[in-house]
Structures are given as C-alpha cells and as structure tokens.
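Breakdown of the fold
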Amino acid sequence: MLIRVLAAGLLLSVAPMTAAMAQTAPVAAAPAAIAATHLMVPSPDGRTIDMSVWTAPQERGVVVFSHGWGGVPASYGRVFSAWADHGFTVIAPLHLDSQQHPQHTDDSRVAFMTRVMDVAVARGVAGKDHDGKPLIAAGYSFGSLIAMMEGGAVTVMPPIGDPHVKGVIAFSTPGDTPGLVQPNTYDALSKPLMVITGDKDVVPDFVSDPADHRHPFDRSPAGDKTLITFVGADHAMIRTIDEADLALLVEATEDFLDAYALDDAAAKARLNALPAPDGVTIERR
C-alpha cells in the first residue's frame, strides 16, 4: 500500500543517478570500538531490510541514517562508532541502490521509493525496540535528502515528515536533485539542522558548484541551523577525512545530538560557540 501511495505522489521522474554520485567502492571502515550488528526486518512490500546497527552501551538516543547512493552503512563506521560510544545507537538500512545489495537496482524511482520505506521501517524499529528514545535523522549525499524529508523537507512527493524527529544531520547534500528538489523544498524544514560539506564537493552531472550543498542551510527557516565547510574536502570526505577534521566533525555532531535530541542547553551553548580552526568555516543562522 505504501509503495502505491508513494508512486502516486512521484509526479516527476527522478533523474538517473550517475557513478559519480555513487559510492561503489567504499573504503573499509577503520577498526571501531563498537562494531555493527545486523538486524533483518520485514518491510510492508515483502522485502527484508538489512539494517546495520551500532548499539550504544548506555543508550540515550537513536539516529536513523540513510547512506549515499550506491554506498553501504559500513563506510561511515568511524563516525557511527563514536556516536554509539557517546550514547546514540545508529540504525542504517541497506538500500536497494547499494552496490552490495543482493537485489541491487539502478532504477532510481524504485530505489527512491524503497529508501523512503526503509527509513520509515527503521524509525519504527527505533520507537518499538529502543523505548521511545529521542530520534535524529541523518544521511549522506542522496541519503541526506531522505533525512531532510524525515525532518520536514518536501519534494515532489507528499510530505513524510515525522514529528518524532528532533533534528537532522546532512552530510554532503545532493544539491538540487533534478526531478525531486523544488525551490520551496526546504521551506518547511524548521527542525534543527546541521549541514556538513567541503569546498571541493562536486558531483559531475548533478552538482557543479560546491555552494549548492549549502542550499538546505540557506533556504530553510532560520533558527538552530549550522553549516560546517571543510576546505579541500570533496564528495568522498566522510571516508577520506583526516583525523583532526574527523575529531572536529565528531565533536560538532555529538554536541548537536545532545543539544537537540536531549534538550541539553550546555551542549547547545558549546555548539554555538564552537570555534572554526584553520581550514574550516562554521556558519549559523
């Protein structure tokens, strides 16, 4: 039923994704203090969704994460391990467009609709199996658009915003994806938002100007919005970032998690005062 509803709402064709937007050969995650386990969950359309789960030993919140087009959750293991150690369990479905999915598809419309279903099921798991812990939506590249939709952004599809989502973390946003992102897409994204990108973050055939990645930050309603830009970082930054920049990224995102999932005023103050070292710019609005 959900697939039929989504299909009816998909008024325009989603532009085919290119290899440049895919993460077809992810770098293996560095050894992690907290490793992922796998949860196989049935979906409403009869599939089984493979969810990688980084479980927090002392859980305080949950992050539902949507990976980049063609990618895999393990590519972000260094960050997820840190979040889990900080008290936030990460639930990351393996989407049909992943090069490692046994039912891999290059049909962008099918993959898009099933992505929406995957994160909906993951949010259901978060609510049912994690005692209603506060929820953050996050994603990388095309997955960040899915996360922002969970937080209230509206594409050509009907809204899928979830009131349980406390905030959104968007890594290397996909820019103005043809056939999906509209001029008013971010008008309703009033939830707290952190956008992380690089000034070399281009995606051939999709994003020729790295500044396009900042559109969700610029176009969403002001208030509790943060943009972090790493000088020299490209679209693969989450997998290639050096240790110093990774430490800053983890610090900033963990303050965001605490500030908006846990309503921690001290964490919000730290986030708002976080200094930008050489090679990094931090903007707020």
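Before any of the text, the structure's been laid out above.
Let us look at the structure shown here. Not measured: the values here are computed from a predicted model.

We now examine the overall build of the protein. Along the backbone of the protein there are eight helices and nine strands. In the protein, which comprises 285 residues, the share counted as buried stands at 57%.

Here we take up helix H4 (residues 142–150). Counting buried residues in H4 gives nine out of nine residues, a clear majority hidden from the surface. Buried within H4 we find Phe-142, Gly-143, Ser-144, Leu-145, Ile-146, Ala-147, Met-148, Met-149 and Glu-150. In this structure, the buried residues of H4 make contact with strand E3 (61–66), helix H3 (108–129), strand E5 (135–140), strand E6 (165–171), strand E7 (193–198) and helix H5 (215–219).

The next subject is the pattern of salt bridges. Close approach of charged atoms allows side chains with opposite charge to pair. One pass over the structure, following the stated rule, counts 15 salt bridges. Note that Arg-115 and Asp-97 form a salt bridge whose closest N and O atoms lie 2.7 Å from each other. A residue pair is termed long-range when its members are at least 10 positions apart, and Arg-115 in helix H3 and Asp-97 in the loop between strand E4 (88–93) and H3 qualify at 18 residues. Take Arg-115: its relative accessible area is 0%, and that puts it in the buried class. Among the charged side chains, a network of salt bridges with common partners joins Asp-45, Arg-47 and Asp-118.

What follows is about the sheet that holds E5. Strand order across the open sheet formed by nine strands is E1-E2-E4-E3-E5-E6-E7-E8-E9, with mixed pairing between neighbours. At either end of the open sheet lies a strand with only one pairing partner, and these are strand E1 (37–42) and strand E9 (280–284). When strand polarity is set aside, the average angle formed by the axes of neighbouring strands in this sheet is 20°. In terms of strand pairing, E6 meets E7 through four bridges, oriented parallel. Of the residues in E7, the one forming a bridge with Ala-170 is Val-195. Most of the contacts of H4 go to E5, to which it runs at about 155°, and overall it touches E3, E5, E6 and E7.

Thresholds applied
Residues numbered from 1 in each chain as written. Predicted model: local features only at pLDDT ≥ 70, side-chain atom pairs only at ≥ 80, totals over all residues. Heavy atoms only, no water. Helix = DSSP H or I, 4+ residues; strand = E, 2+ residues; numbered from the N terminus. Buried < 20%, exposed > 50% of the residue type's maximum accessible area, 1.4 Å probe, protein only. Contact = heavy atoms within 4.5 Å. Salt bridge = Lys/Arg side-chain N within 4 Å of Asp/Glu carboxyl O. Pairing = 2+ DSSP bridges. Axes fitted to C-alpha atoms, helices over the stretch in contact; angles between N-to-C directions.

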